[in-house]
Amino acid sequence: LAQHFLQRIAASDLNAFLHVDPALTLQQAAAADVRLANGDATALTGIPIAHKDIFVTKNLRSTAGSRMLENYVSPFDATVVTKLAEAGMVTLGKLNCDEFAMGSANENSYFGAVKNPWDKTAVPGGSSGGSAAAIAARLTPAASGTDTGGSIRQPAAFCGVTGIKPTYSSVSRYGMIAFASSLDQGGPIAQTAEDCGLLLNAMVGFDEKDSTSLDRKPEDFNRDLNKSIQGLRIGVPKEFFGEGLAPDVEQAVRAALAEYEKLGATLVDISLPKTELSIPVYYVIAPAEASSNLSRFDGVRYGHRAADYKDLNDMYKKSRTEGFGEEVKRRILVGAYVLSHGYYDAYYLQAQKIRRLIAQDFAAAFEKCDVIMGPVAPTVAWDLGSKSDDPVANYLADIFTLSTSLAGLPGMSIPCGFGQGDKNAKRPVGLQLIGNYFDEARLLNVAHQYQ
Ligand code: GLN
């Protein structure tokens, strides 16, 4: 298996992988063989996986898609990496992503954009674009991703694969290079809900090294896969079907909802009135947290250091100027501004209040339904380069994924057909499933019944 995928990776031109070390991979594969022979294998032993380059690894570089960390090798493995290795998974390498996971198209990577395997002139989505593209192109059967405001769900949708962001605090953030700590959440991307469930089983768990990690009883996320969904109440938020939703995406999503009705579910009209506000709220809170998290990259402790400088301040300034890309700088500036004296109350505090109201909207909706469904993104994948100079256009495309993240709820994306985009192209559409807190097993069940 490892050899098969290494060959496919070597032959691929998608720019999905940033670092591969075949010798290391084959060594892990040999160790997995021994485990299998000894009869102490798990369901994942010997199965290859690739990690988003935001998870730090001891034996491979961890760049977070940034020049700042171009040559960074961590002294330890992220908890997610450790857990999957302990289950016997074999690491194929590290996957391209937007710089520090900031982006919706994987065009913000210092190492270049990733191509969408369905149509190489299209973006793969972001920020886990390398992960989703690699799954779609069958360069790996499993990948890790992170989702701060949609970065697992949206690239999964754009590449026609399956991804789940579990409830905030389920997967340890230890060794996941921080973007916005109150939102960042790791999760799997794979072909199917069943595969995602197997991966989640190994990824989720309490970690004393993550201060927000929750200590819950371990569960089998795949326990309900084959349960009937007769009588399931699916909430359909009217705000997810308004102006701005492309007709091809709406058509595919409505067809999937009709399929669910055939499977015995009922559709319930619901409202998530603060949906529109999730964009300004997220783009205040996420940059605020990023500006603080990214202050550690000072050219002293680790990361890029400028070659010539006059004094310490000049060294900080030049190192950060050279090390960070445009979008990262934009977020640091916005974040520092909304946290500054005089603006904190007007922006940051207001955003936090609306964040609470967004969570309350979901709580009210879940009194009427068991899961919520809608599109993952308003359009199919756009053309490479077509929005790369327009950050706001990228932000607006996050409209349907941000609120789930702000509320800390689990969200999932499953493929539900194809749209045309604005050309005669075949580009995947994703159906979004949103569950109540810790209802991942139900999301996987509902997804599996459709798949
Ligand atoms: N597109 C969003 C952003 O740019 C979300 C990214 C993410 O989930 N990491 O911040």
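Residues numbered from 1 in each chain as written. Predicted model: local features only at pLDDT ≥ 70, side-chain atom pairs only at ≥ 80, totals over all residues.

An unreviewed UniProt entry lists the chain under the name Glutamyl-tRNA(Gln) amidotransferase subunit A, from Undibacterium aquatile. Per UniProt, the chain has the following entry under Function (unreviewed entry): "Allows the formation of correctly charged Gln-tRNA(Gln) through the transamidation of misacylated Glu-tRNA(Gln) in organisms which lack glutaminyl-tRNA synthetase. The reaction takes place in the presence of glutamine and ATP through an activated gamma-phospho-Glu-tRNA(Gln)." Looking at the Subunit (unreviewed entry) heading of the UniProt record, one finds this comment for the chain: "Heterotrimer of A, B and C subunits." (UniProt positions renumbered as here; feature names shortened; annotations may be inferred.)

What follows is about the overall build of the chain. A tally of regular secondary structure across the chain gives 14 helices and 11 strands. A compact globule built from 451 residues would reach a C-alpha radius of gyration of about 22 Å, and the chain, at 21 Å, matches this within 12%. When the backbone C-alpha atoms are referred to their principal axes, the chain occupies close to 70 × 65 × 50 Å. Pairs at least 24 apart in sequence give 76% of the contacts found in the chain among residues at least 6 apart. (Helix = DSSP H or I, 4+ residues; strand = E, 2+ residues; numbered from the N terminus. Rg over C-alpha atoms; globule rule 2.2 N^0.38 Å. Contact = placed C-beta atoms within 7 Å.)

All right, on to the pairing of strand β4 (residues 142-147) then. The buried fraction of β4 is high, at six of six residues. Side chains Ala142, Ser144 and Thr146 project from β4 onto one buried face, and the interleaved Ala143, Gly145 and Asp147 project onto a second face that is buried too. Judged from the six bridges that link them, β4 and strand β6 (residues 185-190) form a sheet pairing that is antiparallel. Directly across from Ser144, in β6, lies its bridge partner Pro188. (Buried ≥ 20, exposed ≤ 12 C-beta atoms within 10 Å, placed from the backbone. Pairing = 2+ DSSP bridges.)

On to helix α1 (residues 2-11), then. Residues lying three or four places apart along an α-helix face the same way, a consequence of the helix completing one turn every 3.6 residues. Along α1, the residues that are buried comprise Ala2, Phe5, Leu6 and Ile9. Relative to the axis of α1, the buried residues are bounded by an arc of 105° and lie together on one face. Those residues of α1 that are exposed and angled more than 90 degrees off the buried face are Gln3, His4, Gln7 and Ala11. Contact partners of the buried residues in α1: β1 (17-19), α2 (22-38), β2 (48-52) and β3 (90-95). (Arc of directions from axis to C-beta.)

Take the UniProt feature "active site" (unreviewed entry) in the chain next. Mapped onto this numbering, the UniProt entry gives "active site" (unreviewed entry) at Lys52, Ser127 and Ser151. A compact arrangement is adopted by the annotated residues: their sequence extent is 100 residues, whereas the largest C-alpha distance between any two is 11.0 Å. Inspection of the secondary structure puts Lys52 in strand β2. Beyond its immediate sequence surroundings of up to four residues, Lys52 is in contact with Leu95, Cys97, Ser128, Gly130, Ser131, Ser144, Gly145 and Thr146. In this fold, Ser127 is placed in the loop between β3 and α4 (129-136).

What follows covers helix α8 (residues 278-293). Helix length check: α8, at 16 residues, gives a terminal C-alpha distance of 22 Å against a target of 22 Å (1.5 Å per residue), a fit within 8%. Where burial is concerned, most of α8 is hidden: 12 out of the 16 residues are buried. Taken as a whole, α8 has its buried residues at Ser278, Val281, Tyr282, Tyr283, Val284, Ile285, Ala286, Pro287, Ala288, Glu289, Ala290 and Ser291. Residues of α8 that are buried sit in contact with α10 (326-339), α11 (344-365), α12 (391-396) and α13 (402-407). (Expected span 1.5 Å × (residues − 1).)

With 100% of its residues at a pLDDT of at least 70, the chain reaches an overall mean of 97. Of the two predicted TM-score estimates for the complex, the pTM is 0.97 and the ipTM is 0.98. (pLDDT = per-residue confidence, 0-100.)

Glancing now at the environment of Tyr260. Looking at where Tyr260 falls in the secondary structure, it is placed in helix α7 (residues 247-262). In this structure the C-alpha to C-alpha distance between Tyr260 and Tyr450, which are 190 residues apart in sequence, comes to 7.1 Å.

The residue after Gly126, namely Ser127, is reached through a cis peptide bond having omega 5°. Backbone geometry places Asn15, a non-glycine residue, at a positive phi of 65°. Along the chain, Asn15 turns up in the loop between α1 and β1. With a phi close to 55°, Ala64 is a non-glycine residue in the positive phi region. Turning to its location among the elements, Ala64 is positioned in the loop between β2 and α3 (79-86). When the 28 C-beta atoms within 10 Å are taken as the criterion, Ala64 is described as buried.

Both faces of the sheet carry side chains from a regular strand, because those side chains alternate between them. The buried fraction of strand β11 (residues 427-434) amounts to eight of the eight residues, a majority that puts the element mostly inside the structure. One ladder, built from four bridges, connects strand β9 (residues 371-375) with β11; its direction is antiparallel. Across the sheet, the residue bridging to Ile372 is Ile434, located in β11. Judged from the seven bridges that link them, strand β10 (residues 411-419) and β11 form a sheet pairing that is antiparallel. Note on β11: the bridge partner recorded for Pro415 is Gly430.

Assignment of secondary structure puts Lys426 in the loop between β10 and β11. By the C-beta count within 10 Å, which is 14 here, Lys426 ends up partly exposed. For the pair Lys426 and Val380, spaced 46 residues apart in sequence, the C-alpha to C-alpha distance is 9.3 Å. Not counting chain neighbours up to four residues away, the residues in contact with Lys426 comprise Trp118, Asp119 and Phe418.

This next bit is on the nonpolar core. Core analysis: the biggest nonpolar cluster contains 129 residues, and Ala134, Val371 and Leu433 have the highest contact counts within it. Here this core takes eight residues from α8, the largest share from any one element. Non-local contacts of Val371, meaning those with residues more than four positions away in its chain, are made with Leu232, Ile234, Gly235, Leu433, Ile434, Gly435, Arg442, Leu443 and Val446. (Core = buried A, V, L, I, M, F, W, Y, C linked by C-beta atoms within 7 Å.)

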